[in-house]
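For reference, the chains in residue letters:
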Amino acid sequence: MILFKRASELHRYIEEQHKNELQAGFVPTMGALHAGHLSLIERSISENDITICSIFVNPAQFNDPDDFKKYPVTTEKDIDALERSGCGILFLPPAEEIYPDETYKTETYNIGHLETILEGKFRPGHFQGVCMVVSRLLKIVSPDNLYLGQKDYQQCMVLQKLIELMGAEKRIKLKICPTLREPGGLAMSSRNMRLDQKERENAIAIYDSLMYIKNHISQKTIRDLKAETSEILTNKKFHIDYVEIADAISLEPVDTWDEKRKIVALIAAFMGKVRLIDNMMIQ
Ligand code: PAF
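Note that this is a predicted model, so its numbers are computed, not measured. (Residues numbered from 1 in each chain as written. Predicted model: local features only at pLDDT ≥ 70, side-chain atom pairs only at ≥ 80, totals over all residues. Heavy atoms only, no water.)

## Some details on helix 1 (residues 7-19)
- Along its 13 residues, helix 1 runs 18 Å from first to last C-alpha, staying within 8% of the 18 Å computed at 1.5 Å per residue.
- Among the residues of helix 1, Ala7, Leu10, Ile14 and Gln17 are the ones counted as buried. Angular distribution of buried residues about the axis of helix 1 spans 90 degrees; they occupy a single face of the element. Among the exposed residues of helix 1, those pointing more than 90 degrees away from its buried face are Arg12 and Lys19.
- Residues of helix 1 that are buried make contact with strand 1 (2-4), strand 3 (50-55), strand 4 (89-91), helix 5 (95-98) and helix 7 (126-141).
- Taken from the residues just after helix 1, Glu21 is the one with a positive phi, measuring 60 degrees. (Helix = DSSP H or I, 4+ residues; strand = E, 2+ residues; numbered from the N terminus. Expected span 1.5 Å × (residues − 1). Buried < 20%, exposed > 50% of the residue type's maximum accessible area, 1.4 Å probe, protein only. Arc of directions from axis to C-beta. Contact = heavy atoms within 4.5 Å.)

Set out below in structure tokens:
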């Protein structure tokens, strides 16, 4: 695996690969890699000539400074895992390579209603920070394919919108990959490392709630489903940000379901100080 720390060097290297008509797959991460990340790398390797993974804990996307401070950093382990996965290139930039001056702070991204609903509502500024870093990364890496996990469902929609805002939708294809789960159903996440044993057991309630919605959608009203799952979560000591059932394409919340529409259930909740999110396609 080749390790790049300088944006210009990586960019030049990838330009060379493009000249040789090699196709590049890109997996952006914030490190603390788990099997979910590695499944994205694996998919990219199988679909591209070269695979680039980036590790950069992006301060601009943390609305809570404490969450940023406590974000797990396991760089040595990550490098080992990437080597073993067969990933060709790791981009591990220092902050000044991503944000060389203050101009990034003046850029805003018009992502429409995605900015203010669900994650946008509870984490103000989060998606602007995600767009900032990903637009910079996409310019440096210029990939043909971008791999993201479905666990961050709204982020996938935001980044599809970003690709369009950059006028790159013909050049960069977004590939959304399935969420990987622990044996009990807990969605894999770097934040799971911060849960103790008891919290980890309780955290399965998010998956149980999503399954409950999926299994009862044709028998119960959406209002009842949201109330019942909120109770399941509260009983397991979760502090809920939202339990929502939304149109899978627009992400607008739905009150009733006509059986034709594709819908998705989404949950964000705190277990202690750790904020977890998950989602499931319902129909
Ligand atoms: O999903 C993540 O880990 C981050 O939001 C991303 C896409 C790497 C941008 O920092």
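Now, onward.
## Describing the packing of helix 9 (residues 197-216) against helix 10 (residues 222-235)
- At their nearest, the axes of helix 9 and helix 10 sit 9 Å apart, and the two run at 160 degrees to each other. Put simply, helix 9 runs roughly antiparallel to helix 10. At the point where helix 9 passes helix 10, the crossing takes the right-handed sense. Together, Ala205, Ile206, Ser209, Tyr212, Ile213 and His216 of helix 9 and Leu225, Glu228, Thr229, Ile232 and Leu233 of helix 10 make up the contact between the two elements. (Axes fitted to C-alpha atoms, helices over the stretch in contact; angles between N-to-C directions. Parallel < 35°, antiparallel > 145°, perpendicular 65-115°, else oblique. Left-handed = near helix turned anticlockwise from the far one by under 90°.)

## Focus on the sheet that holds strand 8 (residues 263-271)
- Strand order in the open sheet made by the 3 strands is 7-8-9, with antiparallel pairing throughout. Edge positions in the sheet fall to strand 7 (238-247) and strand 9 (274-281), since each has one partner strand and no second. When strand polarity is set aside, the average angle formed by the axes of neighbouring strands in this sheet is 10 degrees.
- Two elements, strand 8 and strand 9, share 8 bridges in a ladder whose sense is antiparallel. If you follow Met271 over to strand 9, its bridge partner there is Val274.
- The sheet strands contacting helix 10 are strand 7 and strand 8, and the helix crosses strand 7 at an angle near 155 degrees. (Pairing = 2+ DSSP bridges.)

## Quick look at the nonpolar core
- Counting 48 residues, the largest nonpolar core has Leu10, Ile52, Phe91, Ile98, Leu146, Leu251 and Leu266 as its most contacted members.
- At 10 residues, the largest contribution of residues to this core is made by helix 7.
- What Leu10 contacts, discounting residues up to four positions off in sequence, is Phe4, Ile52, Ile89, Phe91, Ile140 and Val141.
- One finds Ala203, Ile222, Leu225 and Ile245 within the second-largest nonpolar core, a separate group that totals 25 residues. (Core = buried A, V, L, I, M, F, W, Y, C linked by side-chain atoms within 4.5 Å.)

## Overview of the pattern of salt bridges
- Overall, the coordinates contain 15 salt bridges when judged by the stated rule.
- Among the ionic pairs, Arg191 bridges to Asp67, the shortest N-O distance being 2.8 Å. With Arg191 in the loop between strand 6 (173-177) and helix 9 and Asp67 in helix 3 (residues 65-70), this pair connects stretches of sequence that are 124 residues apart.
- With a relative accessible area of 14%, Arg191 lands in the buried category.
- Classification of Asp67 by relative accessible area gives buried; the value is 13%.
- The shortest N-O distance in the salt bridge between Arg261 and Asp247 comes to 2.9 Å. Of the two residues, Arg261 sits in the loop between strand 7 and strand 8 while Asp247 sits in strand 7, which places them 14 residues apart along the sequence.
- Accessibility expressed as a relative area gives 35% for Arg261, which makes it partly exposed.
- Connected through shared salt-bridge partners, Arg43, Glu47 and Lys175 make up one network. (Salt bridge = Lys/Arg side-chain N within 4 Å of Asp/Glu carboxyl O.)

## Comments concerning the sheet that holds strand 2 (residues 24-29)
- In space, the 6 strands of this open sheet follow the order 1-4-3-2-5-6, with parallel pairing throughout. Because the sheet does not close on itself, it has two edges, and the strands there are strand 1 and strand 6. The average undirected angle you get between the axes of adjacent strands in this sheet is 25 degrees.
- The pairing of strand 2 with strand 3 spans 6 bridges and is parallel. Looking across to strand 3, one finds that Phe26 is bridged to Ile52.

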